[in-house]
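Fold and contact review
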Amino acid sequence: MRAVPRYVCGVPTATIVVDDGSGDLTAARAAHAGALVVRHERNQGGGAALRTGYELAMEAGARYVVTLDADGQHLPEEMPTLLEPLVSGQADLAVGSRVIGSSEPGKLARELGIVAFNRLVSTLLRQRFTDCSNGYRAIRTGALRDLELCQAQFHAAEFLIEAVTRGLRTVEVPVTVRARQHGETKKPRTVAYGTGFANAILKAWLRARSRARTSRRNARTLTTQEPSSAERQSV
């Protein structure tokens, strides 16, 4: 919290902490450190916490939103790397990648699973991504309103798929991911994690495909409609 820079790429920062129904002193300590704190009375999942934070940022008129985990895995001093492509106008969304950056090793099974999911997401989106599970990202706040975010737990891949299929200019940038510094993971065990992650990817992709088909049908309807009598007379 105290490591968050006061300015990033010349933009002043403010910190929002969403306490997702914790039973410890997270909310009190974050507020004491100067963050704007909002608390869920019961645990709703990381995706729900992010949506709450995004709503607050939009209401406050923020130009950009940077999200990072509260467990110490992400380094606040790397925020300029994420924000620079947005401030310079090169991208609408910048996603951190430990693959082109660096990370401390995790469980082998989960690491292999993420490699497979990266390939799946890259194939579906026809754009190469190396770290589709990374939650360290920066986005133009105005672009958030167009995203349909539903996932409670496996939100990173859904966010990426929504952004790309909605036409947001998306880039990956190198970041560091350390081993967890605080707390305990709420992610399910390896098999359940893999199943849940795959399910989130497919749901988001199918939703995007359905949206695209509906858009094409509506476009065809508009182009094939008969002109009205008034239009025919004017011609």
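Placed above this text is the structure.
Okay, so let's go over this structure. Note that the coordinates shown come from a computational prediction; the quantities given were computed from them, not determined experimentally.

1. Re unusual backbone geometry
Residue C9 is not a glycine yet carries a positive backbone phi of 55 degrees. Among the structural elements, C9 can be located in the loop between β1 (7-8) and β2 (11-12). The phi angle at R126 is positive, at roughly 55 degrees, despite the residue not being glycine. Structurally, R126 can be placed in the loop between α4 (108-125) and β7 (137-140). Looking at R126, the relative accessible area reads 80%, which means it is exposed.

2. Here's the deal with the pattern of salt bridges
Overall, the coordinates contain ten salt bridges when judged by the stated rule. As a salt-bridge pair, D92 and R140 come within 2.8 Å of each other at their nearest N and O atoms. One end of the pair, D92, is in the loop between α3 (79-87) and β6 (93-103); the other, R140, is in strand β7, and 48 residues separate them in sequence. Residue classification places D92 among the buried positions, given a relative accessible area of 6%. By relative accessible area, which is 30% here, R140 ends up partly exposed. Linked through salt bridges whose partners overlap, the residues forming this network are E148, E158, E162, R166, R207 and R211.

3. Examining empty space enclosed by the protein
Applying the stated criterion across every chain, the model contains two cavities of 30 Å³ or more. By volume, the largest cavity is sized at about 50 Å³. Around the largest cavity sit G47, L50, R51, Y54, R137, L149, H155, E158 and F159, which together line it. Of all the secondary structure elements, the ones that give two or more residues to the lining of the largest cavity are α2 (46-60) and α6 (155-165).

4. Here's the deal with the environment of F117
Tracing the backbone shows F117 in helix α4. Here the alpha-carbon distance between F117 and I201, two residues 84 residues apart in the chain, equals 8.5 Å.

5. Observations regarding the sheet that holds β7
Taken in spatial order, the four strands line up as β5-β7-β6-β8 in an open sheet, and their pairing is mixed. Of all strands in the sheet, those bounded by a partner on one side alone are β5 (64-67) and β8 (170-177). Taking each pair of neighbouring strands and ignoring which way they run, the sheet shows an average axis angle of 25 degrees. Here β6 runs beside β8; their pairing, made up of seven bridges, is parallel. Considered in β8, the bridge of L93 is made with T170. Running over the sheet, α6 touches β6, β7 and β8 and is turned about 35 degrees from β7.

What counts, and at which threshold
Each chain has its residues counted from 1, running along the sequence as written. Totals for whole chains, interfaces and linings use every residue, but because this is a predicted model, local features are given only for residues with pLDDT of at least 70 and side-chain atom pairs only at 80 or more, for both listing and counting. Side-chain numbers come from the whole structure's heavy atoms, not from hydrogens or water. Working definition: helices are DSSP H or I runs of at least four residues, strands are E runs of at least two. Numbering for both runs from the N terminus. Accessibility here uses a 1.4 Å probe with only protein chains present; expressed as a share of the type maximum, an area under 20% marks a residue as buried, one over 50% as exposed, and anything in between as partly exposed. Salt bridge, as applied in this entry: a Lys or Arg side-chain nitrogen positioned within 4 Å of an Asp or Glu carboxyl oxygen. Points on a 1 Å grid, built from protein atoms alone, make a cavity when a 1.4 Å probe fits but cannot get out and make a pocket when they are open with protein on both sides within 12 Å along at least 5 of 7 lines; residues with an atom within 4 Å of a point are the lining residues. Grid points are joined across faces, edges and corners, and a volume is the space filled by probe spheres set on the points. Pairing between two strands is assigned when DSSP locates at least 2 bridges connecting them. Throughout, an axis means a line fitted to C-alpha atoms (over the contacting stretch in the case of helices), and angles, computed between N-to-C directions, take values from 0 to 180 degrees. Contacts between residues were defined by any pair of non-hydrogen atoms, one from each residue, lying within 4.5 Å.

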